[in-house]
Amino acid sequence: MCGIVGYIGENSASPILLDGLKKLEYRGYDSAGIAVFDGDNVKVVKSKGRIADLENKLAETGDLAGFVGIGHTRWATHGAPTDVNAHPHKGGSGQVTLVHNGIIENYIELKAMLETAGYVFVSETDTEVLAHLFAYYYKGDAVGAMRKVMQTVRGSYATAILTADAPDRIIAAKKDSPLIVGKGKGENFLASDIPAVLKHTRECYLLDDGEIAILTKSDIAFYNASGEPLHKDIYHVTWDAQAAEKGGYAHFMKKEIAEQPAAVRDTLSPRIHDGRIDIPELHMTDGEIRDIGKIHIVACGSAWHVGMTAKYIFETVAGIPCETDLASEFRYRDPIMRKGDICIVISQSGETADTLAALREAKRKGAHTISIVNVVASTIARESDDVLYTMAGPEIAVATTKAFSAQLCVVYLLALRFARALERLSEEEEAAQCAQLLKLPEEIQALLALDGDMAALAKQFSMANNVFFIGRGLDYAISLEGSLKLKEISYIHSEAYAAGELKHGTISLIEEGTPVVAVATQEALFEKTLGNIKEVRARGAKVIALVSGEHREVAEFADHVIHIPRASSMLLPSLAVIPLQIFAYYMALERGCDVDKPRNLAKSVTVE
Ligand code: G6P
């Protein structure tokens, strides 16, 4: 949440900062600002709204000229999205200029202390405390002042600071919020995420918690929390900047939906050899797998839906008890973890604050931790015992699609690997499952052809006030995802229910014309779900049924039937989710919503 950029070099800073901020806009987009040293002063321009609004304001005020600057795109936590609350913030009597991502938890007590010391606050943000606190401690020693700030504040932060006395330098530090440094030639960069610097350099340093960086145009120095100089290895980025561009598509979401065959192929194929599952990143012997007492899965949002899917799969395929928790609940419920239990955390960004805290809690309790992560070298990836990367490439749209599909693939691989170790799967069965997995990319590709059908359905249903999703078992897990996808980008109220639970209250919400999407792909549960379809139809619902294979009888009870191919029940979620993503996309388009940047949301939720 919130995006930070910094530039120091020989080129004009403003365009570089603005370009970087656009690449980070997925992290927050309710206000933005930049600060540039113009040779005499550090000048700030900021605006509520999108980066485009900031650009308009800069066009009015005149571009900020200068070669050193910092910038920020905000997702408000403390104080409304206004010009005043936007970053950068000034500290002291203007000698400090600072941007911040995170939350300063003890800001109220620090604010009181600073006010008593004579500092004047103009915004409602916790960030302004950080700016004044830095000014309070700063007597010319940047690392020393930063260390004192870090010792005083509680909470999470990635921060970039300019001081008026040394404007040819950017001071940066982080704890629990991501920050990377890009190394150029005669210029250096700072950003919350790699895509923001990729146009300029592929050589990055990934800051760890408690570390401080001092950037000049020709040098980058790192320090640990004790202020001692630190050597850091360069991380060479292998993917290219184009992967994070729209490439001719109207929206990132549309592009990312279309990239799913590749994401799935790239995630599966390196881990399947000659009909065997081979996951070298998983450091567990067959014996250790056999000793697993319970699998704890923790995640947020769509990744939690992958976790819900995984629960059914691990229990049925591998026969291992599995619990799936929302990370925000897990971290505070003192979960019971016994010897041999493992914890799987699922996160596209690898930075979600609650998921990271849940991972740390599981580690503290002694569980072997495995993360399923998309962003390479992200904090969750670095802190877990084993990391199994999804190979989805950069995902920019706030609503996840291709990372979700890639996460499902890692779950299948793990479930089959566990099942083999537990001798629940013969060699022949494993080979057959691998063959089916390898067919997934082309099956998903074929489903993308449902685009026109889903667009037509969206035209018909886009004015709905409520849309319900129902399903059983794995279909329930996918209903949860279909419903979230729809509500987050179209702003239509939507809920997903286990179909068997309908009669316990929800059915009272069904009226004449209420759209109900019934996910009924699981053969073993088909008759049961068909019964529920009949019940809602009898009460006036307009039913869109999603079935696997022919199932002609469903046409009698549903208004629209979407067919996906037959596949093994474990793999059907990968197919069922595709039309639901496309449906949500067109529903949002029909309603004129900003598909890639839905209101109030951010892609990377780095605050609790
Ligand atoms: C946000 C995103 C969701 C995502 C969730 C978890 O809410 O909008 O798409 O599923 O965070 O994010 P993570 O990066 O941990 O997968």
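One can find the structure itself at the top, above this paragraph.
Analysis parameters
- Residues numbered from 1 in each chain as written.
- Predicted model: local features only at pLDDT ≥ 70, side-chain atom pairs only at ≥ 80, totals over all residues.
- Heavy atoms only, no water.
- Helix = DSSP H or I, 4+ residues; strand = E, 2+ residues; numbered from the N terminus.
- Rg over C-alpha atoms; globule rule 2.2 N^0.38 Å.
- Buried < 20%, exposed > 50% of the residue type's maximum accessible area, 1.4 Å probe, protein only.
- Areas by Shrake-Rupley, 256 points an atom, 1.4 Å probe, with all protein chains shown as cover.
- Lys, Arg positive; Asp, Glu negative; His and termini not counted.
- Charge placed at Lys NZ, Arg CZ, Asp CG, Glu CD.
- Near = heavy atom within 4 Å.
- Polar contact = N/O pair within 3.5 Å; in protein donor to acceptor, adjacent residues only side chain to side chain.
- Axes fitted to C-alpha atoms, helices over the stretch in contact; angles between N-to-C directions.
- Parallel < 35°, antiparallel > 145°, perpendicular 65-115°, else oblique.
- Left-handed = near helix turned anticlockwise from the far one by under 90°.
- Contact = heavy atoms within 4.5 Å.
- Nonpolar A, V, L, I, M, F, W, Y, C, P; charged D, E, K, R; others polar.

Chemist: Tell me about the overall build of the chain, and please be specific about residues and values.
Modeler: Scanning the chain from terminus to terminus reveals 18 helices and 27 strands. The C-alpha atoms of the chain give 25 Å as radius of gyration, which agrees with the globular expectation for 608 residues (25 Å, within 12%). Taken over the C-alpha atoms alone, the chain extends approximately 75 × 55 × 45 Å along its principal axes. Counting every position in the chain, which comprises 608 residues, the buried fraction comes to 61%. Summed over all atoms, the accessible surface of the chain reaches about 22,700 Å², with 50% contributed by carbon and sulfur. Between the centroid of the 63 positive side chains of the chain and the centroid of its 81 negative side chains there is a distance of 2 Å.

Chemist: Can you break down the site of the ligand residue by residue, with the values?
Modeler: Near the ligand there are 13 residues, and of these Ser302, Ser347, Gln348, Ser349 and Thr352 occur at the shortest range. At 2.6 Å, a backbone N or O of Gln348 approaches an oxygen atom of the ligand. Taking Thr352, its side chain carries an N or O atom lying 2.4 Å from an oxygen atom of the ligand. Within the complex, the protein chains bury 90% of what would otherwise be the 390 Å² of accessible surface of the ligand.

Chemist: Residues and numbers for the packing of helix α3 (residues 107-116) against helix α4 (residues 127-137), please.
Modeler: At a closest axis distance of 10 Å, the pairing of α3 and α4 adopts a crossing angle of 50 degrees. Overall, the two elements α3 and α4 adopt an arrangement that is oblique. Between α3 and α4 the crossing geometry is left-handed. Facing Tyr107, Leu110, Lys111, Met113 and Leu114 of α3, the residues of α4 in contact are Val129, His132, Leu133 and Tyr136. Looking at side-chain class alone, the contact of α3 with α4 contains 7 nonpolar, 1 polar and 1 charged residues.

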